[in-house]
Amino acid sequence: MIGDLTGRGEATTTNLTCRRPGTSVAENYLRLFTEPVVEAWIRPEPMNPFTAADIERMARRDHSHWEKHGYGPWEVRERESGAFVGRGGLAWVTVAGEPAVELPWAVIPSLQGRGYATEMARAAISTAREAGIERVVSLTLPENRASRRVMEKAGLGFLDEIRHVGMPHVLYELNL
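Residues numbered from 1 in each chain as written. Predicted model: local features only at pLDDT ≥ 70, side-chain atom pairs only at ≥ 80, totals over all residues. Heavy atoms only, no water.

Colleague: Is there a simple way to explain the pairing of strand E6 (residues 98-102) in this structure?
Modeller: Within a regular strand, the side chains alternate between the two sheet faces. As paired strands, strand E5 (residues 91-95) and E6 are joined by five bridges and run antiparallel to one another. Bridge pairing links Val93 to Ala100 in E6. Linkage of E5 to E6, two consecutive antiparallel strands, is achieved through a turn of two residues, within which Ala96 is found at a positive phi near 55°. Bridge count between E6 and strand E8 (residues 135-140): two bridges; the pairing is parallel. In the sheet register, Glu102 faces E8, and the bridge partner there is Val137. (Pairing = 2+ DSSP bridges. Helix = DSSP H or I, 4+ residues; strand = E, 2+ residues; numbered from the N terminus.)

Encoded structure:
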């Protein structure tokens, strides 16, 4: 079992450890974000599939986010086994032309359906409160019912239909 000690901006839940990404996170991100089931929601056609260079940039952005804000996207693992689960946490993004703190999540397909995304989202909301963040958002493609259920279970409410990265999305929010 992984220890329960967490640093600022990190979290431990019933089943997960949500930590600042380590130096080798790009390997796990590559495995996660090139899974067809994950990529279909995060990089749908007509967007180009992720490349190794895209993933390296994502890992560098995640590390930089932590350096700048003291919190950021997490590398998430199962508490008991230490197995890589996915990516969650908090990330500053631009949504509808405005800066916002997003709750991103992605879970390895073989571990989906266990409630891990909801656990990540709830832990990220607690972390946002501790950081003094007043509002969090989450967005997805309109037909992504699983992510919409996670948003609702975590307490976010539907706000609007928007265009994000040139595609229709639904935007949910939670005022803290």
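Colleague: What's the story with a positive patch on the surface in this structure? I'm lost.
Modeller: On the surface, Arg122, Arg145, Arg149 and Lys153 cluster together into a patch of positive charge. The leading source of residues in the positive patch is helix H5 (residues 145-153), at three residues. Given a relative accessible area of 57%, Arg145 falls into the exposed group. (Patch = residues over 30% accessible without salt bridge, like charges linked within 9 Å, V, L, I, M, F, W, Y side chains within 5 Å. Areas by Shrake-Rupley, 256 points an atom, 1.4 Å probe, with all protein chains shown as cover. Salt bridge = Lys/Arg side-chain N within 4 Å of Asp/Glu carboxyl O. Lys, Arg positive; Asp, Glu negative; His and termini not counted. Charge placed at Lys NZ, Arg CZ, Asp CG, Glu CD. Buried < 20%, exposed > 50% of the residue type's maximum accessible area, 1.4 Å probe, protein only.)

Colleague: Just to check I follow, could you spell out the environment of Ala154 for this structure?
Modeller: Residue position: Ala154 is located in the loop between H5 and strand E9 (157-164). Given the relative accessible area of 11%, Ala154 is considered buried. In this structure the C-alpha to C-alpha distance between Ala154 and Ala121, which are 33 residues apart in sequence, comes to 6.2 Å.

Colleague: Could you clarify how one ought to interpret the confidence of the model for the protein chain in this entry?
Modeller: Interpretation of this model should avoid reading the predicted coordinates in detail wherever pLDDT is low. When pLDDT is averaged across the protein chain, the result is 94; 97% of the residues are at 70 or more. A low-confidence stretch, residues 1-5 (pLDDT under 50), is modelled with 14 contacts involving residues beyond four sequence positions or located in other chains. (pLDDT = per-residue confidence, 0-100. Contact = heavy atoms within 4.5 Å.)

Colleague: Looking at this structure, I do not really get the pattern of salt bridges. What am I missing?
Modeller: Proximity of charged atoms lets side chains of opposite charge pair with each other. Applying the stated criterion across every chain yields a total of seven salt bridges. Glu67 is paired through a salt bridge with Arg20; the nearest N and O atoms lie 2.3 Å apart. One end of the pair, Glu67, is in helix H3 (residues 52-69); the other, Arg20, is in the loop between strand E2 (16-19) and helix H1 (25-33), and 47 residues separate them in sequence. On the accessibility criterion, Arg20 (34% relative accessible area) is partly exposed. The shortest N-O distance in the salt bridge between Arg114 and Glu78 comes to 3.4 Å. Remark: Glu78 occurs in strand E3 (residues 73-78) and Arg114 occurs in the loop between strand E7 (106-107) and helix H4 (116-130); sequence separation between them is 36 residues. Arg114 sits in the partly exposed class, given a relative accessible area of 47%. Linked through salt bridges whose partners overlap, the residues forming this network are Arg43, Asp54 and Arg57.

Colleague: Is there a simple way to think about the sheet that holds E6 in this case?
Modeller: Two strands in a sheet stick together by hydrogen bonds in their backbones, pointing the same way (parallel) or opposite ways (antiparallel). Taken together, five strands build an open sheet; the order of strands is E5-E6-E8-E10-E9 and the sheet is mixed. Only two strands of the sheet have a single partner each, and these edge strands are E5 and E9. Along the sheet, successive strands turn relative to each other by an average axial angle of 45°, direction set aside. Across the sheet, H5 touches E8, E9 and strand E10 (167-175), and the angle it forms with E8 is around 160°. (Axes fitted to C-alpha atoms, helices over the stretch in contact; angles between N-to-C directions.)

Colleague: Would you mind going over unusual backbone geometry with me for this structure?
Modeller: Most peptide bonds are trans, and most residues other than glycine sit at a negative phi. The linkage connecting Glu45 with the following residue, Pro46, adopts the cis geometry, with an omega of 15°. Locating Pro46 in the fold gives a position in the loop between helix H2 (36-42) and H3. Unlike most non-glycine residues, Ala96 shows phi in positive territory, near 55°. Take Ala96: it is sitting in the loop between E5 and E6. You can call Ala96 exposed: its relative accessible area is 56%. Despite not being glycine, Val165 shows a phi value in the positive range, around 45°. If you trace the backbone, Val165 turns up in the loop between E9 and E10. On the basis of relative accessibility, which here comes to 54%, the residue Val165 falls in the exposed class.

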